[in-house]
Amino acid sequence: METIFSGIQPSGIPTIGNYIGAMKQFVDLQNQYQCYFCIVDEHAITVPQNPITLRKQILSLAALYLAIGLDPKKATIFIQSEVSAHAEAAWIVQCNTAIGELERMTQFKDKSQKNGRVGVSAGLLTYPPLMVADIVLYNSNLVPVGDDQKQHLELTRDFVERFNNKYGQNKQAILVMPEVKLAKNGSRIMSLQDPTKKMSKSDDNIKSFISMLDKPEVIRKKIKSAVTDSSGKIEYDPFHKPGISNLLGIFSAVSGRSLNNLEIHYENAGYGEFKTDLSEELVKLLEPIQVRYNQLLSSSELDRILDEGASSAQQIANKTLIRMQNAIGLGRKKKR
């Protein structure tokens, strides 16, 4: 069985874009692959965090993982910082990655240039090597992500190839080469208010995104106010009609209906009817998730699952870490 790894930062409540771009795939994939799903809290501290808020968000995200349908009997669910191999392997990756590679990362350039690099942590620059470590530690064959993360996956593949060529003996690979796995529909969900920008939970305009914990009345208001255009025609044309195309992508992803099916169904309908139906589809999806989420946060079940997940993940990650340490000559040679 092939292995999948993916993680999400506990930097706020995930949006429907996060769900469609990555989380929805998790549920589908856990029946087909050996899965490791991580709350990547070490990634979150590359920018300033309030300690109390961060800890709450870690547990909140873990509860959402389970509430969307992840089964701890099928997938390993854990918190990144509770598996020390991540930080140890990341140092090895950093020492085998050029600064130029990291400075070319789009996310680093975007975030660091906002304030002229004033107050930018070194961790923001070395964020990608930690992501590389996350992936390689579990011998990941596939990594389900949104398409904005493809550059980081390419860095991972470049590192694996370089590391295997440099340290592998007798042409035996030390690390597994991963592949990116994108959602079939809606892998890049855009802002409801500016459909030329990606939907983001950090957007100052709260009308621009649907949170996984938004109440039904909030969802309906946000979809009703979503930007479209003046034509009134419901068709998928991202270049000329980005607003309605974005809503069609969301509708398709959460309902399982094809874009073509939706275009035909709403051929003679107006934007009002279409938005109402989309709102109800989102409410139908999110209400049971929110009920399960609240149940988990009020019980001891969540802590038990995370403890078991960290223990299981540590066992696998340590084996890969030892291979990496042995390959580059760190310490005394250890048995795997």
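Residue positions within a chain follow its written sequence, with the count starting from 1. With the structure being a predicted model, the display of local features is reserved for residues of pLDDT at least 70 and the display and counting of side-chain atom pairs for 80 or more, all residues being used for whole-chain, interface and lining totals. By convention in this description, side-chain values take in all heavy atoms of the structure and omit both hydrogens and water.

J.: Outline the pairing of strand β2 (residues 34–39), listing residues and values.
T.: Note on classification: 1.4 Å probe, protein chains only; a residue is buried when its accessible area is under 20% of the maximum for its type, exposed when over 50%, partly exposed between these limits. A run of DSSP states H or I qualifies as a helix once it reaches four residues; a run of E qualifies as a strand once it reaches two. Both are numbered from the N-terminal end. Within β2, 5 of the 6 residues are buried, leaving the element largely enclosed by the surrounding structure. Two strands pair when backbone bridges link them, and strand β1 (residues 3–8) and β2 are joined in this way by 6 bridges, in the parallel orientation. Bridge assignment links S6 to a residue of β2, and that residue is F37. Whether a crossover is right-handed depends on one test, that the path from the first strand over the helix to the second runs clockwise when the strands point away from the viewer. With respect to chirality, the unit in which β1 leads through helix α1 (residues 16–29) into the neighbouring parallel β2 is right-handed. In this description, strands pair whenever DSSP reports at least two bridges between them. In this sheet, strand β3 (residues 75–79) lies alongside β2 in parallel orientation, the contact comprising 5 bridges. Considered in β3, the bridge of F37 is made with I77.

J.: An account of the environment of K334 is requested, with residue identities and associated values reported.
T.: Relative to the elements of secondary structure, K334 occurs in the segment after α14 (301–328). Residue K334 is classed as partly exposed on the basis of its relative accessible area of 42%. Along the backbone, K334 and R323 are 11 residues apart, and their C-alpha atoms lie at a distance of 8.4 Å. With sequence-adjacent residues up to four places away left out, K334 is seen in contact with I322, Q325 and N326. We call two residues in contact whenever any of their non-hydrogen atoms come within 4.5 Å of each other.

J.: Can you lay out the packing of aromatic side chains for me, pointing to particular residues and giving the numbers?
T.: Pairing of aromatic rings covers Phe, Tyr and Trp, the last through its six-membered ring, and needs centres within 6.5 Å; plane angles under 30 degrees mean stacked, over 60 mean edge-to-face, and all others mean tilted. Throughout the structure, instances matching the rule amount to 10 aromatic pairs. Aromatic side chains F251 and Y266 sit 5.9 Å apart centroid to centroid with 50 degrees between the ring planes, which places their arrangement in the tilted category. Of this pair, F251 sits in helix α11 (residues 242–255) while Y266 sits in the loop between α12 (259–265) and α13 (271–297), and the two are 15 residues apart along the sequence. Each member of the pair F251 and Y266 is classed as buried. The interplanar angle of 45 degrees and the centroid separation of 5.5 Å between the aromatic rings of F251 and F274 together place this pair among those described as tilted. Remark: F274 occurs in helix α13 and F251 occurs in helix α11; sequence separation between them is 23 residues. Its relative accessible area of 1% is what places F251 among the buried residues. Residue classification places F274 among the buried positions, given a relative accessible area of 0%. Here the aromatic residues F5, Y36, F78 and Y138 are joined through ring pairs into a cluster of three or more. Residue placement shows K222 over the ring face of F209; its charged tip is 4.7 Å from the ring centre. We call a charge positioned above a ring when the Lys NZ or Arg CZ atom is no farther than 6 Å from the ring centre and deviates by at most 35 degrees from the ring normal.

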